[in-house]
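Reading the structure
Take a look at the letters that make up each chain.
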Amino acid sequence: MEKRDWRDFKLYAITAANYHPGRGLLEVMEQAILGGADIVQLRAKDASKEELLRDARALRELTARYGVPFIVNDHIDVALEVGADGAHFGQDDMPLAEARRILGPDAIIGISTHSLEQALAAERGGADYIGVGPVFPTGTKPGRAAVTTAYVREAAANVSIPWVAIGGITLANADEVLAAGATRLCAVSAIVGDARPADVCRAFRARIDAAERGA
Ligand code: TZP
Ligand code: MG
């Protein structure tokens, strides 16, 4: 089978340490993948290095089994150690050029952006994709003001590399984000906080596909 280009991803699922009531991280992420999540990030802000490495190794194995790209948030050493496909950084994290030097030309490097100016800087700096958000206020990233769908519209009109809308996105507002021009969605709590992550992902994918068809 021909390998899919990772750039064609539609639904980005990110882990959260505090969201899996009664279930394991791997079970939740496997359900997300089965439902249609086609890129996965390990994001665990409060985890120890040991916990991070343990979860990263397990997720690397899981995502490899499904042919889904695996990205590690912040911890470039963990990304390297487990053979992740790439790493994701915020505006105040390791500079893009340094990350590229360490990870090499083939790694997928993602950058969080909160304005078009930041998006274009990341693009010029050689980012492989950017996050556009938080579109709506979200408890998953406290203290960061919502950029609203205004920034989604700007990204749709101006960004040439793959970009994904993120932040407070749920099945209740996904259509609004897609109508603003997003073609890829990312969610943390809407996926991993739900009792049925596979069903949520299937529903997100259906919305994304419908928007793509212009339905
Ligand atoms: N970056 C911008 S918003 C956000 C991140 C990591 C959190 C998204 O989480 P949720 O639960 O989907 O709002
Ligand atoms: Mg970060």
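Heads up: these notes are all about the structure in this document. Just so you know, these numbers come straight off a predicted model, no measurement behind them. (Residues numbered from 1 in each chain as written. Chains lettered and ligands numbered in written order. Predicted model: local features only at pLDDT ≥ 70, side-chain atom pairs only at ≥ 80, totals over all residues. Heavy atoms only, no water.)

1. Examining the environment of R184
Note the threshold: Helix and strand labels come from DSSP, where a helix needs a run of H or I of at least four residues and a strand needs a run of E of at least two; each type is numbered from the N terminus. Any two residues having at least one pair of non-hydrogen atoms within 4.5 Å are treated as being in contact. By the criterion applied in these results, polar contacts are pairs of N or O atoms within 3.5 Å in which, for protein atoms, one can donate a hydrogen and the other can accept it, and in which residues neighboring in sequence qualify only through two side-chain atoms.
Among the structural elements, R184 can be located in the loop between α7 (174-179) and β8 (185-187). With 130 residues separating them in the primary sequence, R184 and R54 have C-alpha atoms 29 Å apart. Aside from chain neighbours lying at most four places away, what touches R184 is R7, F9, K10, P162, W163, V164 and A165. A polar contact of 3.2 Å, which involves the side chain of R184, links it to the backbone oxygen of F9.

2. With respect to the packing of aromatic side chains
Let me state the cut-off plainly: Each aromatic pair joins two rings of Phe, Tyr and Trp (for Trp, the six-membered one) with centres within 6.5 Å, and gets the label stacked for planes under 30 degrees apart, edge-to-face for over 60, and tilted for any other angle. A positively charged side chain is recorded as over a ring if its NZ (Lys) or CZ (Arg) lies within 6 Å of the ring centre. The angle to the ring normal must also be within 35 degrees.
A complete count under the given rule lists five aromatic pairs for this structure. The rings of W6, F9, Y12 and Y129 are connected pair by pair, giving a single aromatic cluster. Its guanidinium or amino end placed over the ring of F9, R184 lies 5.1 Å from that ring's centre, counting from NZ or CZ.

3. Details of the pairing of strand β5 (residues 108-113)
Selection criterion: For each residue, the accessible area found with a 1.4 Å probe, counting protein chains only, is set against the maximum for its type, and the residue is called buried under 20%, exposed over 50%, and partly exposed in between. The rule for pairing is simple: two strands pair if DSSP sees at least two bridges between them. With the strands pointing away from the viewer, any crossover whose connection runs clockwise from the first strand over the helix to the second is right-handed.
Within β5, six of the six residues are buried, which leaves the element mostly enclosed by the surrounding structure. Going residue by residue along β5, you find I108, G110 and S112 tucked away on one face and I109, I111 and T113 tucked away on the opposite face as well. In this sheet, β5 lies alongside strand β4 (residues 86-89) in parallel orientation, the contact comprising four bridges. Across the sheet, the residue bridging to F89 is I111, located in β5. With respect to chirality, the unit in which β4 leads through helix α4 (residues 96-103) into the neighbouring parallel β5 is right-handed.

4. Some remarks on the site of ligand 1
Inclusion rule: One heavy atom within 4 Å of a molecule or strand makes the whole residue count as near it. Under the convention used here, a 1.4 Å probe and the Shrake-Rupley method define accessible areas, while residue burial counts only the protein chains that appear. For this classification, the nonpolar set comprises Ala, Val, Leu, Ile, Met, Phe, Trp, Tyr, Cys and Pro, the charged set comprises Asp, Glu, Lys and Arg, and every other residue, Gly included, is treated as polar.
Around ligand 1, a shell composed of R43, P134, T138, T140, K141, I166, G167, G168, A187, V188 and S189 is seen. A distance of 2.7 Å is found between an oxygen atom of ligand 1 and a backbone nitrogen or oxygen belonging to G168. With respect to ligand 1, the backbone of V188 contributes an N or O atom lying 2.8 Å from an oxygen atom. In isolation ligand 1 offers 380 Å² of accessible surface; the protein chains occlude 97% of this area. In the shell around ligand 1, the residues fall into four nonpolar, five polar and two charged.

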